[in-house]
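# Examination of the molecular architecture
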Amino acid sequence: MDDHHLSEKKLPVTSVTSGDAKFVTEDIYCFTIQIVNVCFIGKPAKNQEWVLVDAGMPGSAEKIIKEAEELYGKGNPPAAIILTHGHFDHIGSIVDLIEYWNAPVYAHKLELPYLTGQKDYPEPDSSVEGGMVAKMSRLFPNEGIDLDHHVSLLPEDGSVPGLSGWKWIWTPGHSPGHISLFRESDRSLIAGDAFVTVKQENLYKVITQEKEISGPPRYLTTDWKAAKASVLKLEQLKPSAAVTGHGRPMIGTELAENLARLAREFDTIAVPDYGKFVD
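Structural notes, computed from the coordinates. Predicted model, so just to flag it, every value in this text is computed and none were measured.

Moving on, we come to the overall build of the protein. Looking only at helices and strands, the protein features nine helices and 13 strands. Burial analysis of the protein (279 residues in total) assigns 59% to the buried set. Partitioning the contacts of the protein with sequence separation of at least 6, the portion at a separation of at least 24 is 66%.

A few words on the sheet that holds strand β8 (residues 159–160). Taken together, six strands build an open sheet; the order of strands is β8-β9-β10-β11-β12-β13 and the sheet is mixed. The strands lining the two open edges of the sheet, one partner per strand, are β8 and β13 (250–251). Bridge analysis of strand β9 (residues 163–170) against strand β10 (residues 179–183) gives five bridges, and the strand direction is antiparallel. Bridging from a neighbouring strand, W166 pairs with R183 of β10.

With that settled, the discussion passes to the side chain of R183. As for its position among the elements, R183 is in strand β10. Residue class for R183 comes out buried when judged on its relative accessible area of 10%. A polar side-chain atom of R183 sits 2.8 Å from a polar atom in the side chain of D27. Apart from residues no more than four positions distant in its own chain, R183 is found in contact with T25, D27, I28, G165, W166 and S188.

It is the contact of helix α1 (residues 61–72) with helix α3 (residues 94–101), at a shortest axis distance of 9 Å, that shows an interaxial angle of 45°. Overall, the two elements α1 and α3 adopt an arrangement that is oblique. Our pair here, α1 against α3, has a crossing hand that is right-handed. Along its contact with α1, which presents A61, I64, I65, A68 and E69, the element α3 presents D96, L97, Y100 and W101. A class-by-class count of the residues in the contact of α1 with α3 yields seven nonpolar, no polar and two charged.

Attention shifts here to the sheet that holds strand β2 (residues 28–33). Taking strand neighbours across the sheet as the criterion, the seven strands line up as β1-β2-β3-β4-β5-β6-β7 in an open arrangement whose pairing is mixed. Across the chains shown, the open sheet's two edge strands, defined by having one partner strand only, are β1 (21–25) and β7 (151–153). The sheet shows a mean angle of 30° between the axes of neighbouring strands, taken without regard to direction. Alignment of β1 against β2, held across four bridges, turns out to be antiparallel. Directly across from F23, in β2, lies its bridge partner Y29. With respect to the sheet, α1 is in contact with β1, β2, β3 (36–41) and β4 (51–53), its orientation differing from that of β3 by roughly 30°.

Looking now at the pattern of salt bridges. Counting across every chain of the model gives nine salt bridges. A salt bridge links K228 to D267, with the shortest nitrogen-to-oxygen separation between them at 3.2 Å. Pair noted here: K228 is in helix α7 (residues 224–236) and D267 is in helix α9 (residues 266–269), with a separation of 39 residues, a long-range link. Residue class for K228 comes out partly exposed when judged on its relative accessible area of 28%. Relative accessible area serves as the criterion here: at 47%, D267 is assigned to the partly exposed category. What emerges from the salt-bridge pattern is a single network uniting D27, R183 and D186.

All right, on to the packing of aromatic side chains then. Considering all chains together, one arrives at eleven aromatic pairs under this definition. Geometrically, the ring pair formed by F31 and F40 is tilted, given 6.3 Å between the ring centres and 50° between the ring planes. Overall, F40 belongs to the buried group, its relative accessible area being 0%. Within the aromatic cluster, the residues linked to one another by ring pairs are F23, Y29, F31, F40, W50, Y72, Y100 and W101.

Conventions used here
Residues numbered from 1 in each chain as written. Predicted model: local features only at pLDDT ≥ 70, side-chain atom pairs only at ≥ 80, totals over all residues. Heavy atoms only, no water. Helix = DSSP H or I, 4+ residues; strand = E, 2+ residues; numbered from the N terminus. Buried < 20%, exposed > 50% of the residue type's maximum accessible area, 1.4 Å probe, protein only. Contact = heavy atoms within 4.5 Å. Pairing = 2+ DSSP bridges. Polar contact = N/O pair within 3.5 Å; in protein donor to acceptor, adjacent residues only side chain to side chain. Axes fitted to C-alpha atoms, helices over the stretch in contact; angles between N-to-C directions. Parallel < 35°, antiparallel > 145°, perpendicular 65-115°, else oblique. Left-handed = near helix turned anticlockwise from the far one by under 90°. Nonpolar A, V, L, I, M, F, W, Y, C, P; charged D, E, K, R; others polar. Salt bridge = Lys/Arg side-chain N within 4 Å of Asp/Glu carboxyl O. Phe/Tyr/Trp six-rings, centres within 6.5 Å; stacked < 30°, edge-to-face > 60°.

Right, dumping it as C-alpha cells:
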C-alpha cells in the first residue's frame, strides 16, 4: 500500500471552522479539517456501529481517530470507510486510517484506477478563473495512491456498506467516479464535492468560510457538462439537509432555495469564464 508520501504533504491553507464539529442530524456528524469536511454517520454511543465518509487532509488521521473514539469509543472501528472520490483532500489520511482500523474502504469503479495506483488525476488548473486558491492549486498533489486490496467496489445495487437506508448516487464531473450519499427517510444528503457551500477558489472565503452555494471546486473539475447534470440530479431529490465537502452544512429553506438557484443558473454560478477544462 503506497501513498506516495501523501502524509508528508502538509498544506498551509486552513479556515476559521477548522476543528469545528456538529451534528447536522442526530446521526450525521460533520467534522472540519483545515478546509475539508469528513462525516461520521451513526448515533454517538459506545460500540455503536458507524461509518466514516472521506478521509480528510494529509496528516489528519490522529484528529479523525480522536474524534471518532470520543463519539463511538475506543476499539470500535468504522464498519466501512466510503470515499466520495479520490482527490488528495478527501483521501489524505486514508492509509493511516486503514493501518489503525483495518476497516474496508469502498469507492465507485471509475474512481478505482486512482486508488489502486493505475492512474493520476489531471494536474489542477491553476489558470482557472476564481481567485487565490485556484492559483495555489498547482501545489496540490494530483497523484493517485495505491490502496491495493484494501479498497473495494461499491455494490452495484446502490446500497451503502454499513449504512442501511442510504443509497449512493453517481455524481460525476468533479471526478469520473464521484458519488454522493442520500437517505430517503429524512432526505439527508452527503454531496461530496458535487456542489459546495463556499467559493472554494477564493482564499478569503475559504478562510472565513463565508457561506455561498457553488459548483464543484473549479481547479479540479474536468467535466462541466457532467458536473451540471449531477447538480440537477441532486436538486431533484429535494434534500432537507446537505453536508458538502467544503463549507458549512445547509438545511431547510436555505438549502432548497440555494440548490434550486444553482441548478437553474449553473452556467453562470459554477462554470468558470476561462480555464483548461472549460469547453
